[in-house]
Each structure stands twice: as structure tokens, then as C-alpha cells.
Amino acid sequence: MGIETFRHSDGLSPRQRELSGLLDLSEQILSFAELGDWGSAVKLQRHRRLSMDAFFAEPCAPAESAEVSRVIRSILDIDHQVSDILYNFRHQLVKESGAASRGMRQVDTYLSNSV
């Protein structure tokens, strides 16, 4: 069963619902990252971590291992997207910080020469 079919199927088992919930949490984390709402992203990430711990506290049955593997790969892909957004955001902050620092030095230079 593909990820989209899995996510939109009625009659999922409790384990499949948990797995689908993990994928939903990951997509919500990505949405918050895209909005730059890192506080909400971190809160959800912590919640997802606890949910993953609970899910994997019970061993996966051989029949569900392929499905679990597909969902985990999807979650890892989403996490990679979140990391890319975070690194780009960090780069922008560093760039803006450097510009602000240069601006302050220029202001200081101007003030020291105007007195």
C-alpha cells in the first residue's frame, strides 16, 4: 500500500493509525518550519519523538515492517526538508546579523568622526 493510499484508507488498524499520526506530525512540523514558526515546530517535534518512542516500544510485526519502513523513509524525507529550511533560515540570520554589525560599526565611525 502506498503512502497516500495508507493515509487515506478507512479501517486502519490501531498501529496503522499511530503510524499515520507520526507522518501527520512530521508534515505539521514541516508546515511550521515553512512559516518560520520554530517554537511550534520544536514543540511538535518533541511530541513526535515521544510518540515514536511509544510506537517503537512495541516490536513491529513482520507483516507491517514494509509499511513501517515506507513511512519512516517519508518521515526522514520530510525531516530533510525541515533541515534545509532551518539551514537557509540560519544562513539568512547570519547574513542579517553581519549587515547589522557592519551598520553599527559605520554608525560608531561616523559618531567618532563627527564629535
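Thresholds applied
Residues numbered from 1 in each chain as written. Predicted model: local features only at pLDDT ≥ 70, side-chain atom pairs only at ≥ 80, totals over all residues. Heavy atoms only, no water. Helix = DSSP H or I, 4+ residues; strand = E, 2+ residues; numbered from the N terminus. Buried < 20%, exposed > 50% of the residue type's maximum accessible area, 1.4 Å probe, protein only. Polar contact = N/O pair within 3.5 Å; in protein donor to acceptor, adjacent residues only side chain to side chain. Axes fitted to C-alpha atoms, helices over the stretch in contact; angles between N-to-C directions. Parallel < 35°, antiparallel > 145°, perpendicular 65-115°, else oblique. Left-handed = near helix turned anticlockwise from the far one by under 90°. Contact = heavy atoms within 4.5 Å. Nonpolar A, V, L, I, M, F, W, Y, C, P; charged D, E, K, R; others polar.

Caption draft 1: Representation of the side chain of Gln-16. Inspection of the secondary structure puts Gln-16 in helix 2 (residues 14-35). Look at Gln-16 and you get buried, because its relative accessible area is 18%. Of the polar contacts made by the side chain of Gln-16, one reaches the side chain of Glu-67; its length is 3.2 Å.

Caption draft 2: Highlighting the packing of helix 2 against helix 3 (residues 38-57). Following both chains from N to C, one finds helix 2 and helix 3 inclined at 160°, their axes separated by 9 Å at the closest point. As far as their axial angle goes, helix 3 and helix 2 are roughly antiparallel. Crossing of helix 2 against helix 3: the hand is left-handed. Residues Arg-15, Glu-18, Leu-19, Leu-22, Leu-25, Ser-26, Gln-28, Ile-29, Phe-32 and Ala-33 of helix 2 touch helix 3, and the partners they reach there are Trp-38, Ser-40, Ala-41, Leu-44, Gln-45, His-47, Arg-48, Ser-51, Met-52 and Phe-55. Along the lines of polarity and charge, the residues of the contact of helix 2 with helix 3 split into 11 nonpolar, six polar and three charged.

Everything listed here is a matter of geometry and, on its own, says nothing about what the molecule does.
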